[in-house]
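Structural characterization, general
The residues making up each chain are set out below.
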Amino acid sequence: MNPSPNTPLAGNRVWPAVSVIMPVLNEERHLAEAVGGILGQEYAGELELVLAIGPSRDRTQEIAEKLAADDPRIVIVPNPTGRTPQGLNAAIKASQYSIVVRVDGHSLLPPDYVRAAVETLEETGADNVGGIMAAEGVTPFEKAVARAMTSKIGIGNAPFHTGGGAGEADTVYLGSFRRSALERVGGYDETFVRAQDWEMNHRIRQTGGKVWFTPRMHVTYRPRPNIRALAKQFFHTGRWRRVVGREHQGTLNLRYLAPPIAVVAIVAGVVVGAVGFWPAWILPGGYAAAVILGSVPTGRGLPASAWLRLPIVYATMHLSWGLGFLLSPPSLGRSRET
């Protein structure tokens, strides 16, 4: 590799220039901290940050403009729709370097994140690499959600949630891409308001690319603060995951089908049990018992106030996701519904 003006040498090592892209909407509380974590990366190569700002209802635009005025590495582009895939594509178009690192407006990156991403891309030859979505809560409810999101009972066996050894994966959290891969697949599909990461990674793999998980990369994730917000998040995730399944045949497995199956079984058990066939109550009762018993080992180390909330969090995640999947309309995605 021949060094260019944008690829400084650190010792004998050439570090490629990196574009960090961030779609931002209503991030007044977290934006300055997130941007500080990016600009403070311990990385010897050139780095730029492209913020795609949506029509926020708070001071996000004002904060972003001040940050850009203070640091020439920050570029601001508009995202009139406020939707994530449109913002990502706008930021990609405005960025200039061969490696593109996606982050969110409330992401908290460790200082070595970009360096780990670049090293992993080079070592593995992958088109996209990502690490662990390290959920951390503050309140008892958030701590319960964080524990559920790192448990196989709560979220399945996806490595970026539960951890594990490095290796090829179906998808990763956020993602650090080779620009050539983004160009090969035409960027993010803007019809996917949710699940755009999974859908993008599927197309990368379908076109011969490699998606790689590494536990070296951690991103601190702040869980939803209450049960209503959590239910809404998982309901919409379930809706859009079914769209991915419709658009890409063969991508649904038992992990994704378990929540809707549980919802159908529970509803059937309640209805049949209510009309007098008492054995049917085994279905909802068995689910409740499994969630409660599963909370015992997975809740170890949590404060009692968080541990007591864990069964409710598990049930909210499972049933909201399952309902979203079952109620996902055939027109979703094609009509750009939200």
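Residues numbered from 1 in each chain as written. Predicted model: local features only at pLDDT ≥ 70, side-chain atom pairs only at ≥ 80, totals over all residues. Heavy atoms only, no water.

**A word on the overall build of the protein chain**
Each helix and strand in the protein chain was counted, giving 14 helices and 10 strands. The C-alpha atoms of the protein chain give 21 Å as radius of gyration, which agrees with the globular expectation for 338 residues (20 Å, within 12%). In terms of principal-axis extent, the alpha carbons of the protein chain reach across some 75 × 45 × 40 Å. Every one of the 338 residues in the protein chain was classed for burial, and the buried ones make up 52%. Sequence-distant contacts in the protein chain: of pairs separated by 6 or more residues, those separated by 24 or more amount to 78%. Of the charged side chains in the protein chain, 34 are positive and 28 negative; the average position of the first set lies 8 Å away from that of the second. (Helix = DSSP H or I, 4+ residues; strand = E, 2+ residues; numbered from the N terminus. Rg over C-alpha atoms; globule rule 2.2 N^0.38 Å. Buried < 20%, exposed > 50% of the residue type's maximum accessible area, 1.4 Å probe, protein only. Contact = heavy atoms within 4.5 Å. Lys, Arg positive; Asp, Glu negative; His and termini not counted. Charge placed at Lys NZ, Arg CZ, Asp CG, Glu CD.)

**Section: the nonpolar core**
Core analysis: the biggest nonpolar cluster contains 67 residues, and M22, L49 and L51 have the highest contact counts within it. With residues near it in sequence (within four places) discarded, M22 still touches L31, A34, I38, L49, V50, L51, A52, V103, D104 and G105. One finds V77, L88, A169 and Y188 within the second-largest nonpolar core, a separate group that totals 20 residues. (Core = buried A, V, L, I, M, F, W, Y, C linked by side-chain atoms within 4.5 Å.)

**Brief notes about the pattern of salt bridges**
Overall, the coordinates contain 12 salt bridges when judged by the stated rule. For E136, the salt bridge is made with R222, and the minimal N-O distance between the two is 3.8 Å. With E136 in the loop between β7 (128-135) and α5 (140-148) and R222 in the loop between β10 (211-221) and α10 (227-247), this pair connects stretches of sequence that are 86 residues apart. For R205, the salt bridge goes to D170, with nearest N and O atoms at 3.9 Å. One end of the pair, R205, is in helix α9 (residues 196-206); the other, D170, is in the loop between β8 (167-168) and β9 (176-178), and 35 residues separate them in sequence. Under the relative-accessibility criterion, R205 is labelled partly exposed at 25%. (Salt bridge = Lys/Arg side-chain N within 4 Å of Asp/Glu carboxyl O.)

**Here we look at the confidence of the model for the protein chain**
In this model, the protein chain carries a mean pLDDT of 89, and residues with pLDDT of at least 70 account for 94%. Within the model, pLDDT remains below 50 along residues 1-7, and this stretch shows 10 contacts once partners closer than five positions in the same chain are excluded. (pLDDT = per-residue confidence, 0-100.)

**Quick look at the pairing of β7**
The buried count for β7 comes to eight of eight residues, which makes it a mostly enclosed element. Sheet topology places β7 next to β9; two bridges connect them, and they run antiparallel. Opposite N128, over in β9, you have F177 as the bridge partner. Bridge analysis of β7 against β10 gives seven bridges, and the strand direction is parallel. When the bridges of β10 are listed, A135 appears paired with Y221. (Pairing = 2+ DSSP bridges.)

**Examining helix α12 (residues 282-298)**
Helix length check: α12, at 17 residues, gives a terminal C-alpha distance of 24 Å against a target of 24 Å (1.5 Å per residue), a fit within 8%. Of all the positions in α12, only P284, Y287, V291, G294, S295 and T298 are classed as buried. Angularly, the buried residues of α12 cover 110° about the axis, an arc narrow enough to put them on a single face. For α12, exposure combined with an orientation more than 90 degrees from the buried face picks out I282 and L293. For α12, the elements touching its buried residues are α5, α6 (152-155), α11 (254-274), α13 (304-307) and α14 (310-326). (Expected span 1.5 Å × (residues − 1). Arc of directions from axis to C-beta.)

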